[in-house]
Amino acid sequence: MRALLDKRLVIVTGKGGVGKSTVSLALALAAARAGKRTILCEVASQEHLSHVFHSSEVGYHETQMAENLWAISIDPDESMREYVLLQLKVKAMRDLLFRSRIFTYLAAATPGLKELVTIGKIWELALTERKVKSGRRYDTVIVDAPATGHGVGFMQTPRTFANVARVGPMRQQAEALDRFIRDPKRTGVAVVALPEEMPVNETAALERDLAEEVGVGVDRIYCNALYPERFAEQEVERIESAADRANGVARVACRAALAEARRARAQREQLARLEENCAAPVTTLPFVFTPQLGVADIEGLVEAVA
Amino acid sequence: MSGIAELLEGKRVCVCAGSGGVGKTTTAAAIAAGMAARGKRVAVLTIDPAKRLADSLGLPELGNVERRVDPALFEAGGIEASGGELWAMMLDAKQTFDQVVREQAPDDETRDRILSNRIYQQLSVALAGSQEYMAMEKLYEIHASRRFDLLVLDTPPSRNALDFLDAPKRLTQFIEGRALQVFMKPAGLGMRIFGRGATMMFSVLRRITGVDLLQDLSEFFQAFSGMVDGFRERAHRVNELLTDPSTSFLVVCGPQGEPIAEAVYFHRKLEQAQMPFGGVIVNKVHYETEDAEGDGDLHADLAAALSDEELAARVAANFDDFRALAASDRRNIERLVAEIGTDAVIEVPYLDEDVHDLAGLMEVNRYLFASSSEEREAIAASA
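What counts as what
- Residues numbered from 1 in each chain as written.
- Chains lettered and ligands numbered in written order.
- Predicted model: local features only at pLDDT ≥ 70, side-chain atom pairs only at ≥ 80, totals over all residues.
- Heavy atoms only, no water.
- Helix = DSSP H or I, 4+ residues; strand = E, 2+ residues; numbered from the N terminus.
- Contact = heavy atoms within 4.5 Å.
- Areas by Shrake-Rupley, 256 points an atom, 1.4 Å probe, with all protein chains shown as cover.
- Pairing = 2+ DSSP bridges.
- Axes fitted to C-alpha atoms, helices over the stretch in contact; angles between N-to-C directions.
- Buried < 20%, exposed > 50% of the residue type's maximum accessible area, 1.4 Å probe, protein only.
- Salt bridge = Lys/Arg side-chain N within 4 Å of Asp/Glu carboxyl O.
- Patch = residues over 30% accessible without salt bridge, like charges linked within 9 Å, V, L, I, M, F, W, Y side chains within 5 Å.
- Lys, Arg positive; Asp, Glu negative; His and termini not counted.
- Charge placed at Lys NZ, Arg CZ, Asp CG, Glu CD.
- Expected span 1.5 Å × (residues − 1).
- Arc of directions from axis to C-beta.
- Parallel < 35°, antiparallel > 145°, perpendicular 65-115°, else oblique.
- Left-handed = near helix turned anticlockwise from the far one by under 90°.
- Nonpolar A, V, L, I, M, F, W, Y, C, P; charged D, E, K, R; others polar.
- Phe/Tyr/Trp six-rings, centres within 6.5 Å; stacked < 30°, edge-to-face > 60°.
- Lys NZ or Arg CZ within 6 Å of the ring centre and 35° of its normal.
- Core = buried A, V, L, I, M, F, W, Y, C linked by side-chain atoms within 4.5 Å.
- pLDDT = per-residue confidence, 0-100.

**Focus: the overall build of chain B**
In terms of helices and strands, chain B carries 19 helices and eight strands. Here the analysis covers contacts within chain B between residues at least 6 apart in sequence; of these, 77% occur between residues at least 24 apart. A total accessible area of about 15,500 Å² is found for chain B, and carbon and sulfur atoms account for 47% of it.

**Section: the environment of V189(A)**
Residue and element names in this part refer to chain A. You can see V189 is positioned in strand β6 (residues 187-193). Once the C-alpha coordinates of V189 and E207 are considered, the two residues, 18 residues apart in sequence, prove to be 9.9 Å apart. When neighbours within four sequence positions are excluded, V189 is seen to be in contact with L4, I11, T13, M155, L210, V216, G217, V218, D219 and R220.

**Examining the pairing of strand β3 (residues 63-66) of chain A**
Residues and elements named next belong to chain A. Alignment of β3 against strand β4 (residues 69-74), held across three bridges, turns out to be antiparallel. For Q64, the partnering residue across the bridge sits in β4 and is W70. In textbook terms, the turn of a hairpin is the stretch between consecutive antiparallel strands, and for β3 and β4 this stretch comprises two residues, one of which, N68, has a positive phi near 65°.

**Quick word on the sheet that holds strand β8 (residues 345-349) of chain B**
Residue and element names in this part refer to chain B. On the basis of which strands lie adjacent, the open sheet formed by eight strands has the order β3-β4-β2-β5-β1-β6-β7-β8 and mixed pairing. At either margin of the open sheet sits one strand with a lone partner, and together these are β3 (67-68) and β8. The pairing of strand β1 (residues 13-17) with strand β6 (residues 247-253) spans five bridges and is parallel. Looking at β6, one finds that A17 is bridged to V251. Contacting β7 (277-285) and β8, helix α17 (residues 309-340) crosses the sheet at an angle of about 175° to β7.

**A few points about the sheet that holds β4(A)**
Residue and element names in this part refer to chain A. An order of β3-β4-β2-β5-β1-β6-β7-β8 is seen for the eight strands of this open sheet, with the pairing classed as mixed. Only two strands of the sheet have a single neighbouring strand rather than two, namely β3 and β8 (282-286). Each neighbouring strand pair of the sheet contributes to a mean axis angle of 25°, computed without reference to strand direction. The sheet contact formed by strand β2 (residues 38-43) and strand β5 (residues 140-144) spans five bridges and is parallel. Paired with E42 across the two strands is D144, which belongs to β5. Docked against the sheet, helix α12 (residues 248-277) engages β6, β7 (220-226) and β8, running at close to 175° with respect to β7.

**Some remarks on the pairing of β2(A)**
Residues and elements named next belong to chain A. The element β2 is extensively covered by neighbouring structure, given that five of its six residues are classed as buried. The sheet contact formed by β2 and β4 spans six bridges and is parallel. By the bridge assignment for β4, L40 is matched with A71.

**With respect to the pattern of salt bridges**
Residues and elements named next belong to chain A. In this structure the tally under the stated criterion is 36 salt bridges over all chains. Measuring nitrogen to oxygen at the nearest pair gives 3.5 Å for the salt bridge that ties R136 to E62. Of this pair, R136 sits in the loop between α7 (113-126) and β5 while E62 sits in the loop between α3 (50-53) and β3, and the two are 74 residues apart along the sequence. What makes R136 partly exposed here is its relative accessible area of 30%.

**So, the side chain of D329(B)**
Inspection of the secondary structure assignment puts D329(B) in helix α17. For D329(B), the contacting residues outside a window of four places in its chain are P255(B), K284(B), V285(B) and H286(B).

**So, a negative patch on the surface**
All names here are of chain A. Residues E233, E237, E240 and D244 make up a contiguous surface patch of negative charge. Secondary-structure assignment places D244 in helix α11 (residues 233-245). A relative accessible area of 65% places D244 in the exposed class.

**Focus on helix α9 (residues 169-182) of chain A**
Residue and element names in this part refer to chain A. When the terminal C-alpha atoms of α9 are compared, their 20 Å separation across 14 residues agrees well with the 20 Å that a helix rising 1.5 Å per residue should span. Listed as buried for α9 are M170, Q173, A174, L177, D178, F180 and I181. For α9, the angular spread of the buried residues around the axis is 160°, confining them to a single face. Away from its buried face, by an angle of more than 90 degrees, α9 presents the exposed residues Q172 and R179.

**A closer look at the packing of helix α16 (residues 298-306) of chain B against α17(B)**
All names here are of chain B. Across the interface, α16 lies against α17 with an axial gap of 8 Å and an inter-helix angle of 130°. Considering their axes alone, α16 and α17 lie oblique with respect to each other. Note on packing geometry: the crossing formed by α16 with α17 is right-handed. Only E309, L311, A312, A313, V315, A316 and F319 of α17 make contact with α16, whose side of the interface consists of L298, H299, L302, A303 and L306. In terms of residue class, the contact of α16 with α17 is built from ten nonpolar, one polar and one charged.

**What to know about α7(A)**
Owing to its 3.6 residues per turn, the α-helix aligns residues three or four sequence positions apart on the same side. Residues and elements named next belong to chain A. For α7, which comprises 14 residues, the first-to-last C-alpha distance of 20 Å matches the rise-based estimate of 20 Å (1.5 Å per residue) to within 8%. Most of α7 sits inside the fold, with twelve of its 14 residues counted as buried. When we look at burial in α7, the residues that qualify are L113, L116, V117, T118, I119, G120, K121, I122, W123, E124, L125 and A126.

**Observations regarding the packing of helix α18 (residues 358-368) of chain B against helix α19 (residues 373-382) of chain B**
Residue and element names in this part refer to chain B. Here α18 crosses α19 at 140°, and the two axes come no closer than 8 Å. Overall, the two elements α18 and α19 adopt an arrangement that is oblique. Judged by residue contacts, R366, Y367 and L368 of α18 engage R376, I379 and A380 from α19. A breakdown of the residues in the contact of α18 with α19 according to their chemical character gives four nonpolar, no polar and two charged.

**Here we look at the packing of aromatic side chains**
Applying the stated criterion across every chain yields a total of ten aromatic pairs over all chains. Look at F287(A) and F289(A): their rings are 4.8 Å apart centre to centre, the planes differ by 70°, and that puts the pair in the edge-to-face class. Of the two residues examined, F287(A) and F289(A), each falls in the buried class. Through a chain of ring-to-ring contacts, the aromatic side chains of Y227(A), F287(A), F289(A), F322(B) and Y350(B) assemble into a single cluster. The ring of F148(B) has R41(B) sitting right over it, with the charged end atom 5.7 Å from the ring centre. Note that K284(B) overlies the ring of Y350(B), its terminal NZ or CZ placed 5.6 Å from the centroid.

**A short note on the nonpolar core**
L97(A) and V141(A) are the most contacted members of the largest nonpolar core, which has 90 residues in total. For this core, the leading source of residues is α7(A), giving eight residues. Those residues in contact with V141(A), other than ones at most four positions away along the chain, are R8(A), L9(A), V10(A), I39(A), C41(A), I122(A), L125(A) and A126(A). Among the nonpolar cores identified, the runner-up in size contains 83 residues, and C16(B), L62(B), V264(B) and L361(B) belong to it.

**Quick look at the confidence of the model for chain B**
For chain B, per-residue confidence averages 82 on the pLDDT scale, and 82% of positions sit at 70 or higher. Scored as a complex, the prediction yields pTM 0.86 and ipTM 0.82.

**A word on the confidence of the model for chain A**
Residues and elements named next belong to chain A. When pLDDT is averaged along chain A, the result is 85; 91% of the residues meet or exceed 70. Per-element averaging of pLDDT across chain A places α3 at the bottom with 38 and β7 at the top with 96. In the predicted structure, residues 46-57 sits below a pLDDT of 50 and forms 24 contacts with residues beyond four places in sequence or in another chain.

The following block contains the structure:
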């Protein structure tokens, strides 16, 4: 585990609805507690409609959340602007571009450019020598990657873009990003999965695609929301016969116990498949029964992810 | 709330929408199978390469062309198809896009110029919304063929569940917008739009992009310009289909706070876009299947039934956890009903087994097609 949080950049990926954001937060807290200056990056205007509902304070600025922990929500338009500012040293040139809005048109017309500058910003945060003036130096950058249909999409962006721009500064930039992402010394990849049929298949496919299409290995797989095995096999039999004898609420409670035992068992089978079909080590995270994840629940996960 | 069969009465298109990880693909497949079992010719269009689902439908793989699910599978499952048919296909955005270009291109030369252009090659996979647009495109094409009574569309697991709603519009805006005019002829039109200094501006831009990127963009837009009308026309017809009263949008979500909030948001967006909303399907609900309030002492009763104090305590603790989940789900669903102002909400319980075959789909359908909420509760209680 040390290995994962020792990397400068940790990309947390996986399909929607698997608890990626929660795992990202737990990892960021674990890194911060270990004394690393950590920043947690969300990619704005992606899957997380949560912004719409409980709009938080986190914006494009690096905001301190706790000791050693900062957070940022990366906005593609802001990233684009920052990118241009960093590229053009002459103020008159920048003004010319920004006044004309031509760069907005370029962003609209060039497939993948917004995604590229988003990754570019993440990379910039992870640099030991920040490009942004008086930028804070971080030890660890944790990215809650956007959920896409095809998991490799986000990480493949730099290479995709390098193919669009054959030569020139943007291609060089894209290639530098691609090298950074594919360097296992600097970048780590964690995949969040669920112990269910489809998510297990998808995780195995994602690991394979990341290796074949992007050329990166997965450092760790988190198998999230695993039910506890509360009842031993022999106890299940006793509960079964008790369910037949009991009446009323006691009967309902016995049936709930049997349902839990069935799910816990089915999940263990899926967990075994996950371990069998994936090369990366699998860490399990417990199902949290409280509906709204509180601080105490996160605490438990912080220990579990690290 | 009545069931899916009533909701889809007289409908020709059913769009399942929602964010990722809420069982959208499974729900779409279950609805399609259920309607086929009721004598309809149904095609389900999915985006997710759900391999096991394809296996379970007896299809080696789902390709860009629809395939019929073997009726023998229905019979084997004890389902009388009564003249219905189930077809399935998996959408390939790139292939569909290529196909549209082939159909729309005025001549072979233009077609080849577009298909081999680097910008285009990335466009069909990387432009936000292009996958969504192609899903709509394929939906329209199959609808126009009138070969099916009902089409069920599983929308892409997009970054934003709403992307597909304005995907057709976005694509046409993209190809006919200012970006197009600017990059089509950087020297000429660009000059007109940006006035004097345009040449200098482009030279500044080139410092960032390099020469080739601008050239490729220019070429791409020039080749594409002849097809703008065709695309606009198609996008218009797709939009007509989506807003037609014979189309029904079903929002699929889970019972937790965040998915419910998203469903509410999605419902509002559908209304704003004047898309016909059918109902909400809430998957994986923890039902309180029986009246859990008793007057006896639960611990004592459990201890007596199990003859084991310690095990009884654990059974009781487990029960408390599940009741808390059920209560939370109940509150969230009540909020959903209050917010969307309709009781068109169908709840599917958290099933003990994952759904990955026809039998599993039919198990889901006992709930989806039940004629009332009361019937659903009764089924859950007897499960």
